[in-house]
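# Architecture and fold: a report
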Amino acid sequence: MNISFKKILFSLLLVISLSGFGQKIALSTNARVSIITCDTGNESYSLFGHTAIRITDLDNNLDVVYNYGAFDFATPNFVAKFTKGDLQYFAVANPFVEFMQQYTYEKRSVFEQELNIPLEYKQKLLDNLTVALASSESYYTYKFIDKNCTTMVVDLLNKTLGDKVIVKKTDTDVTYRAILYPYFENSFYEKLGTSIIFGKKVDENGSNIFLPLELHKSLKLIQFQNHPLCRDSRTLLDIQKETPSSRWDNFYTYALLLSFMVLINKRGIDLFYFSVMGLLGIFFLFVGWYSFHQELSNNYNILLLNPLLLVLSYFMLTNNKKWSFNLCGLNLLFLLVYLVVMINKIHLLIVLPLVLTSMVVLVKTAIRNSKRIPVII
């Protein structure tokens, strides 16, 4: 989420008031601590939902939501920092009413799970949050799987409870890629893009909690001091999701474009296709080397989006039939290896049309550049 000056100012004032110029606020016996889970949305930034902590104590006139999902669009070189993986996120605090207004505006459901923990742990959690907001602990370097608004809450809860109480209870034998895949159900090209830009790391089993709805499910199953950690989840805001529709963001435009590449038997069209695929391959290689996001490294999809296709384009432009033919054969071999690697991957079906298109265009180009065998009558 983006952060405004108003929210930063509120966080600073809250820290000052809670610290009481050196005196910590003492929560009453009526204080409540809960985990807030915000449902997914249709925008890119909201596809995975959000996690926050709510502390309520009416005796102290306190009802505040703390979350670790803030960043500043005004950060110099914002896009480069986000791509590289050294963009700083930070924690902020919002009045509960203001927090709910935001999600009402975004039309996203909000759920609450009250933690069934003794007062001393509620106090410790508030103290930890107050210290974090007033220090460098508020900041962290965002990592898609390892460091985000959910993992930071999990780490803080485990620090507060004094043990690794919050652990994943569901889908521990399913890969991160398989966990993420359904979140793109209504965004076809985002599903395709993430399928080919994510590398080997997301094919590991998703043993750690990293998504809000995963934490929500696990909290229902966790025991603490011989009783359930959470009371029953309750819905604070119930919004019926609207399924977005688009004339272009769907499988049909994808299939139409690839069919055009296959059916139009023109050298210029083939050259364009190879150039685009090769440039994407170089981009993925660069991002995998440049970025600190481990999800982008060791990307076997380079076998499909192969930079060698640019070399093939060069030999096609220079009418070098021998090397055009040889590189067609080499790229076909890479595609066969890619199919073997992909055989048990969840994104096989979405990339299969690209694989088949590449094979057809490569075979057409190879035939066009093969030596003619004379027929003797």
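Residues numbered from 1 in each chain as written. Predicted model: local features only at pLDDT ≥ 70, side-chain atom pairs only at ≥ 80, totals over all residues. Heavy atoms only, no water.

### Here we look at the pairing of strand β5 (residues 110–114)
Let me state the cut-off plainly: With a 1.4 Å probe rolled over the protein chains alone, any residue whose accessible area is under 20% of its type maximum counts as buried; one over 50% counts as exposed, and the rest are partly exposed. Helical segments are the DSSP runs of H or I of at least four residues, strand segments are the runs of E of at least two, and each set is numbered from the N terminus. The pairing criterion is simple: DSSP has to find at least two bridges between the two strands.
β5 sits mainly inside the fold: five of its five residues count as buried. Neither face of β5 is left uncovered, since the one carrying Val 110, Glu 112 and Glu 114 and the one carrying Phe 111 and Gln 113 both have all their residues buried. Across five bridges, the pairing between strand β1 (residues 32–38) and β5 is antiparallel. Its bridge partner being in β5, Ser 34 is matched across the sheet by Glu 114. As paired strands, β5 and strand β9 (residues 234–237) are joined by three bridges and run antiparallel to one another. Across the sheet, Val 110 pairs through a bridge with Leu 237, a residue of β9.

### Things to note about the packing of aromatic side chains
Where we set the bar: Only Phe, Tyr and Trp rings are paired, with Trp represented by its six-membered ring, and only when their centres lie within 6.5 Å; those with planes under 30 degrees apart are stacked, over 60 edge-to-face, the remainder tilted.
A full pass over the atoms with the stated rule returns 23 aromatic pairs. Judged by centre distance (5.5 Å) and plane angle (85°), the ring pair of Tyr 121 and Phe 224 falls under edge-to-face. Here the residue Tyr 121 occupies a position in helix α4 (residues 119–133), and Phe 224 occupies one in strand β7 (residues 223–224), the gap between them amounting to 103 residues. Across the pair, Phe 224 and Tyr 121 agree in class, each one buried. Consider the rings of Phe 315 and Trp 323, whose centres lie 6.1 Å apart with planes at 20°: the pair is stacked. A relative accessible area of 17% means that Phe 315 is categorised as buried.

### Things to note about the packing of α4 against helix α5 (residues 149–161)
The cut-off we apply is this: All axes are obtained by fitting lines to C-alpha atoms, using only the stretch in contact for helices, and the reported angles, taken between N-to-C directions, cover 0 to 180 degrees. Oblique is the label for every angle not falling under 35 degrees (roughly parallel), over 145 degrees (roughly antiparallel), or within 65 to 115 degrees (roughly perpendicular). Take the far helix as your reference; a near helix turned counterclockwise from it by less than a right angle gives a left-handed crossing, and one turned clockwise gives a right-handed crossing. Any pair of residues with heavy atoms lying within 4.5 Å of one another is described as a contacting pair. When residues are grouped by polarity, Ala, Val, Leu, Ile, Met, Phe, Trp, Tyr, Cys and Pro land in nonpolar, Asp, Glu, Lys and Arg in charged, and all others, Gly among them, in polar.
Running from N to C, α4 and α5 point in directions that differ by 130°, and their axes come no closer than 9 Å. With respect to α5, the element α4 is oriented oblique. As for the relative orientation of α4 and α5, their crossing is right-handed in sense. Of the residues in α5, those touching α4 at Tyr 121, Lys 124, Leu 125, Asn 128 and Leu 129 are Leu 156, Leu 157, Lys 159, Thr 160 and Leu 161. Split by residue class, the contact of α4 with α5 holds six nonpolar, two polar and two charged.

### Structural notes on the environment of Thr 141
Filter applied, for reference: In protein, a polar contact requires one atom able to donate a hydrogen and another able to accept it; more generally it is a pair of N or O atoms within 3.5 Å, and residues adjacent in sequence count only if both atoms are side-chain atoms.
Mapped onto the fold, Thr 141 is located in strand β6 (residues 139–141). According to the relative accessible area criterion, Thr 141 is partly exposed, its value standing at 28%. Note: C-alpha distance between Thr 141 and Thr 253 (112 residues apart in sequence) is 37 Å. A distance of 2.7 Å separates the side chain of Thr 141 from the side chain of Gln 88, its partner in a polar contact.

### Looking at the confidence of the model for the chain
This is how the line gets drawn: What pLDDT conveys is the predictor's confidence in a given residue, as a value from 0 to 100.
In this model, the chain carries a mean pLDDT of 89, and residues with pLDDT of at least 70 account for 91%. Low pLDDT (under 50) marks residues 8–13, which in the prediction has seven contacts with non-local residues, meaning those over four places away or in another chain.

### Here's the deal with a nonpolar patch on the surface
We count it as follows: Each patch is built from residues that are more than 30% exposed by relative accessible area and take part in no salt bridge. Like charges join if they lie within 9 Å; nonpolar side chains (Val, Leu, Ile, Met, Phe, Trp, Tyr) join within 5 Å. Under the convention used here, a 1.4 Å probe and the Shrake-Rupley method define accessible areas, while residue burial counts only the protein chains that appear. The salt bridge criterion pairs a side-chain nitrogen of Lys or Arg with a carboxyl oxygen of Asp or Glu, the two atoms within 4 Å.
Taken together, the side chains of Leu 330, Leu 333, Leu 336 and Val 337 make up a nonpolar region of the molecular surface, amounting to roughly 330 Å² of accessible area. Positionally, Leu 330 belongs in helix α12 (residues 321–342).

### Side note on the nonpolar core
Selection criterion: Nine residue types can take part in a nonpolar core, namely buried Ala, Val, Leu, Ile, Met, Phe, Trp, Tyr and Cys, and a core is a set of them joined through side-chain atoms within 4.5 Å.
Formed by 56 residues in total, the largest nonpolar core has its most connected members in Ile 53, Ile 55, Ile 166 and Leu 229. For this core, the elements supplying multiple residues, two or more each, are β1, β2 (50–57), β3 (62–70), β4 (88–95), α4, α5, α6 (176–180) and α8 (212–219). Ranked by size, the runner-up nonpolar core spans 35 residues in total, among them Phe 188, Ile 196, Ile 302 and Met 316.

### Description of the sheet that holds β5
If you walk across this open sheet you meet the seven strands as β6-β4-β3-β2-β1-β5-β9, and the pairing is antiparallel. Edge positions in the open sheet fall to β6 and β9, since each of these has one partner strand only. Averaged over all pairs of adjacent strands, the angle between strand axes in this sheet comes to 30°, irrespective of strand direction. As judged from the three bridges shared by β4 and β6, these two strands associate in the antiparallel manner. Directly across from Tyr 89, in β6, lies its bridge partner Tyr 140. On top of the sheet, α8 reaches β1, β2 and β5; it is set at about 135° to β1, its chief contact.

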